Structures are given as C-alpha cells and as structure tokens.
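# Structural characterization, general
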Amino acid sequence: MEYGELINKAEANLRAKGTLERYVRGVETNFVGRFNLRYFERYGFKFRMIDSQEASTETTFFGRKFKTPILSAALSGLTEIAEKPFREIALGVKNSDSMMWVGIASAEHVKDVLETGVPTVRIVKPFQDVDTMIQELKEAEDGGAIAVGTDMDFFYGGKRGDVTFAPKAMAPKSLTELRELANVTKLPFILKGVLSTQDAEKALEIGARGIVVSNHGGAIIDHSAHPLVVLPEIMVVIVNQMPIFADSGFRRGSDVMKALALGADAVLVGRSLVMGLVANGSQGVAEMITILTAELKRIMSVTGCKNLGEIDDGILVKRNFFI
Ligand SMILES: Cc1cc2nc3c(=O)[nH]c(=O)nc-3n(C[C@H](O)[C@H](O)[C@H](O)COP(=O)(O)O)c2cc1C
C-alpha cells in the first residue's frame, strides 16, 4: 500500500471504532499535538545535485547494523487493534531491518517480541516501586534485549486531554537513583524524554549510553518544546559520546531528515507505525518503515548526503513563518 492508503485505511478503521481521537490527541488544549506536526514546516532543504550519489541509510547502534535510522517508538497497549500487537509490530520492524522499542508491556508481550529475534530496546516506566523497575530491566536483559532504559518524562504520569494517567504508580527519580538503575544492567541504559541541556548533562553523569529527545508525542505537558528546537544545543552537550534518538510528531521521511540534520542519529516513530499496524498488520508496519526510509533516502540523495554521517544543518534553510 502507498502512504495515503495506509493512513486513510487506518483512520477510517479507528474512527469506526470511536478510538481515533485517543490515538492522535495530546494533553489539554492539544497545542503540542498540533505543533509537533507543524514545527517541521520551519525548515526547508537545499539541493546539492552535482556529484551526488544514491544515498545509503545504513547505520549501527550498540554494535548492531540497521538498514534504516527510522525505528519503532516505545509503544504499549494496542490490544484492541491486534491480539498480539507487539509481536506483529516486532515482525514488521524485523522485516525492515530496523530496531524495536517496547514500552509498558507484560512479561509475556516482551517475550513475544524478543522471540522474533528483532533487536529490541526495553523502556520501563519510572515506577514508584524501584524493585519492579529492576525486575523488568533484568527480565529484558535475560531475554536478549540489546539495550534498556526508562521514560523519565513520565515521572508525573502522562496526560491525554484533561485526563492524567498512571500518576500514582510513578515517582520522580534523582540522579543517584538513575545512576543505580543504570548500574543494575550490563546493557546500554537509555534515558527517554530528555528535552533540555541540563537533563542531557545529567544523562552523561549517570553513564547513560543513549538519550531520546522527546516530548512523549505530546502526552506530558501542553506547550512542551519541539525536539527540533532543543536538538542542536543537546548535540553540543553530547558530542558523539552516545547516540541521540528523537521522537514526537515524525510522520514523513522529510521530518526525519530535519532531525538528523539538527543532531539526531535516528528517529523513533510511534503513531505512524500504529497506523501501519491498524491498516495492514505486521506488513503495514513494514510498509510504513519502508516508505519513510525511501523518502529519507531520496532527500539524502538530492541534498548530496551519501550516508547518514554526511548529513548536517548545511542542507537546511530556516523559515520564519509557517505555511
Ligand atoms: C499507543 C502508544 C503507546 C505508547 N506507550 C509508551 C510507553 O509505554 N512508554 C514510552 O516511553 N512511550 C510510549 N509512547 C510514546 C512513544 O514512545 C513516543 O514517544 C511517541 O509516540 C512519539 O510520537 P509520535 O507518536 O508522534 O511518533 C506511546 C505512544 C503511543 C502512540
């Protein structure tokens, strides 16, 4: 299926079930939900055609090779869409030679994912009960995950519209507590939900081996910053000491290219993969990653970037207006 077909089919399906709003809405006024999609309009691309070559989107993380820097976001729930949603997403991600990330999930769902053999990152919630976090981190390590971490932007729970979810079971963590958590595993430890240079510096201090620059897809606070705004200053703090992943609002290969140009090493896509899953199961997930990767590759070729390492902000123009 083509991009439009996947999206139209998925939206019609969710609308018929009355659940479309739940998948697209952000917190309170939904400003950040809308802005996450629109901020990409601030940037355009230059052409650098002469001597350009067809680009490669290959990359390496944690010693593993991937055909694309477009990875699955850490997802959860989705059992109303498929009986084994994690397994289906994992199969689609594996068939696209991409990386799978898993959020809230039962031990059985995590096992479903790891059994497919897809390289997997397990993100556990910042539970009040640290023993539960440790147990989930260890289960992921024993099951063969390639990295683990926590979505620390969920310290105070998430919020959709005016409804806060999971506020009680979560709790903020100090630098020392996060360092202890990073040390319970031999795997690379990732902090998801970094949106300031201060937290990026602290990620280095705890020995994190990756960060996700994210506003959690608009599910934390209204008017939170867009990842593209903070990526350049965070890149200056991290200076290649660990991979920088980005997510929140990425819908097309052009969006991904802008984040890569501003300092990200890879992008995680959430709702786009949910749409692929709704439209066409695991094949729809693979189709979505393949389409977005082809879009990225074409833009890289036209902007004269032969590989991901050649992408920088020199290919961008900044607009002072939205379209
Ligand atoms: C259905 C759904 C479930 C999610 N569950 C989790 C989760 O359990 N843990 C987590 O860190 N993020 C979770 N997220 C947030 C994503 O990891 C990611 O930050 C966000 O979806 C990116 O924005 P996008 O959906 O616009 O691509 C979830 C997102 C969606 C859409």
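As a reminder, the structure under discussion sits directly above these lines.
The text that follows walks through the structure, step by step, so that each part is easy to find. Keep in mind it's a predicted model, so treat the numbers as computed, not measured. (Residues numbered from 1 in each chain as written. Predicted model: local features only at pLDDT ≥ 70, side-chain atom pairs only at ≥ 80, totals over all residues.)

### Looking at the pairing of strand β7 (residues 147-151)
- Of all 5 residues in β7, 5 are buried; the element is thus mostly enclosed.
- Side chains Ala147, Gly149 and Asp151 project from β7 onto one buried face, and the interleaved Val148 and Thr150 project onto a second face that is buried too.
- Here strand β6 (residues 120-124) runs beside β7; their pairing, made up of 4 bridges, is parallel. Bridging from a neighbouring strand, Ile123 pairs with Gly149 of β7.
- As a crossover connection, the stretch from β6 through helix α6 (residues 130-143) into β7 is right-handed.
- Of the strand pairs in this sheet, β7 and strand β10 (residues 189-194) are connected by 4 bridges, and their pairing is parallel. Looking across to β10, one finds that Val148 is bridged to Phe189. (Buried ≥ 20, exposed ≤ 12 C-beta atoms within 10 Å, placed from the backbone. Helix = DSSP H or I, 4+ residues; strand = E, 2+ residues; numbered from the N terminus. Pairing = 2+ DSSP bridges. Right-handed = clockwise from strand over helix to strand, strands pointing away.)

### Quick word on the site of the ligand
- Neighbouring the ligand are 23 residues; Ser76, Gly103, Asp151, Gly217 and Gly270 lie closest to it.
- Of the residues in the shell around the ligand, the class split is 9 nonpolar, 10 polar and 4 charged. (Near = placed C-beta within 6 Å. Nonpolar A, V, L, I, M, F, W, Y, C, P; charged D, E, K, R; others polar.)

### A few points about the environment of Ile190
- Tracing the backbone shows Ile190 in strand β10.
- Its 27 C-beta neighbours within 10 Å are what place Ile190 among the buried residues.
- On a C-alpha basis, the gap between Ile190 and Gly149 in space is 4.3 Å, while along the polypeptide they are 41 residues apart.
- Sequence-distant contacts of Ile190, defined by excluding residues within four places in its chain, comprise Val121, Ala147, Gly149, Ala208, Arg209, Gly210, Ile211 and Val212. (Contact = placed C-beta atoms within 7 Å.)

### Concerning the packing of helix α10 (residues 253-261) against helix α11 (residues 271-302)
- At their nearest, the axes of α10 and α11 sit 8 Å apart, and the two run at 55° to each other. In terms of orientation, α10 lies oblique with respect to α11. Between α10 and α11 lies a crossing whose hand is right-handed. On α11, the residues touching Gly253, Ser254, Val256 and Met257 of α10 are Leu292, Thr293, Glu295, Leu296, Ile299 and Met300.
- Here the contact of α10 with α11 is built from residues that sort into 6 nonpolar, 3 polar and 1 charged. (Axes fitted to C-alpha atoms, helices over the stretch in contact; angles between N-to-C directions. Parallel < 35°, antiparallel > 145°, perpendicular 65-115°, else oblique. Left-handed = near helix turned anticlockwise from the far one by under 90°.)

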